[in-house]
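Structural characterization, general
So the chains spell out like this:
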Amino acid sequence: MRVLILGISGGVAQRVALALREKGHTLAGIDTRPWEGAPPDIEVHEVDLRKRAAEDVFRTFRPEAVVHMATVTSLRVQGEERHRINMGGTRTVFEHCRTYEVKHAVFVGRHTFYGAAPDSALYHTEDEPPKELASFPELADLVAADLYASTALWRSPELTTSVLRVCYTLGPSAQGTLATFLRGRRVPMVAGYDPLFQFMHEDDVASAIALTVEKRARGVFNVAGPQPLPLSVIIREAQRLPVPLPMMVLRQLLGRFGLPRLPPGALYHLKYPIVVDARAFREATGFAYRYDEVRTIQAFLEAHPPPRARREELFDRLESLGLMRG
């Protein structure tokens, strides 16, 4: 089967491509970024998804399945550009799928679709609407793209559509929201709160997406693996230092003193959990994860040990120069 992956140069997307290649599928991809070291039998087109050159790839490659992983999740990209990439790009993808008679479209979304709120259900099911967008407007374009992809189920019944709401990823590549959050030595928490975080090893996420392509699962599905853990446990297992602070103080300190730079709305995700019920996906595809929560954190930790404190780095430097004696 001919499979076209949009956003193929991303860490998880590369794993999806390699997994499908091993199954004997013919792969091509579109991304504005290069894929250094891509296998020679995988076509990688460095073009903007919204440009005519991307449509030319659809027309010449004639994919039977399209995996859309070209949305922007980084909160560093904001405003109209982010909306054009996420919402405009998603609309373009489904237009090309209809025009060039693609049989199966997979939209890879995020479980943050449901929002973090004090009155949310502990386990979200696929039929729940998004909540609390007013408190975290930076996610609005991703939610809109998810909803647009979901409408293809009735707008284009001839197109098998899979909408995946995937929990946080973690692993050696250190890509994704949770990995970015854990990258520094100190990890902020809202004092008095310790929400559950649901995450999967990036290899398991890639396997779940590849399995969706092969099974042609139709519908909206939550995708998750091992049991969620409290944020404090994740921080300790990753050998980082939790920094619990009052909400008002934390708002002022984000991006300073070694703390990650986050928009104010992200603090609600440090107070309230977003945990999804993934039974429907397992029943539709037979998916089973390989990495439990401990092994997943360990894989991240081995590739990205905690940064050394500046004082430790100074002592090591002085010792190497012979300015300190044991």
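My aim in this report is to walk through the structure given alongside it, one point at a time. (Residues numbered from 1 in each chain as written. Predicted model: local features only at pLDDT ≥ 70, side-chain atom pairs only at ≥ 80, totals over all residues. Heavy atoms only, no water.)

1. A closer look at helix α2 (residues 52-61)
Counted only if it meets this: Buried residues are those whose accessible area, probed at 1.4 Å on protein chains only, stays under 20% of the maximum for their type, while exposed residues exceed 50% and partly exposed ones sit between those limits. Here a helix means four or more residues in a row that DSSP labels H or I, a strand means two or more in a row labelled E, and each is numbered from the N terminus. In this description, the arc belongs to the directions extending from the helix axis to the C-beta atoms.
The set of residues buried in α2 consists of A54, V57, F58 and F61. Along the long axis of α2, the arc covered by the buried residues comes to 95 degrees, so they all point the same way. Away from its buried face by more than 90 degrees, α2 exposes R52 and T60.

2. Structural notes on the sheet that holds strand β1 (residues 2-6)
We count it as follows: Pairing between strands requires that DSSP locate at least two bridges from one strand to the other. Between the N-to-C directions of two axes lies an angle of 0 to 180 degrees, each axis being a line fitted to C-alpha atoms and, for a helix, fitted only over the stretch in contact. Contact criterion: two residues are considered in contact whenever any of their non-hydrogen atoms come within 4.5 Å of each other.
With parallel pairing, the seven strands of this open sheet are ordered in space as β3-β2-β1-β4-β5-β6-β11. Taken across any chain shown, the strands that pair with only one partner, and hence form the sheet edges, are β3 (43-45) and β11 (219-223). Pairs of neighbouring strands in the sheet enclose a mean axial angle of 20 degrees, with direction left out of account. The strands touched by helix α1 (residues 11-22) are β1 and β2 (26-30); relative to β1, the strand with the most contacts, the crossing angle is about 175 degrees.

3. As for the side chain of T169
Tracing the backbone through its elements, the reader meets T169 in strand β7 (residues 168-170). Residues within four places of T169 in sequence aside, it is in contact with Q175, G176, L178, A179, M200 and V205.

4. Quick notes on the pairing of strand β5 (residues 104-110)
Along β5, six of the seven residues are buried, which leaves the element largely enclosed by surrounding structure. Strand direction decides the pairing type here: strand β4 (residues 65-68) and β5, joined by four bridges, are parallel. Paired with V67 across the strands is V106, a residue of β5.

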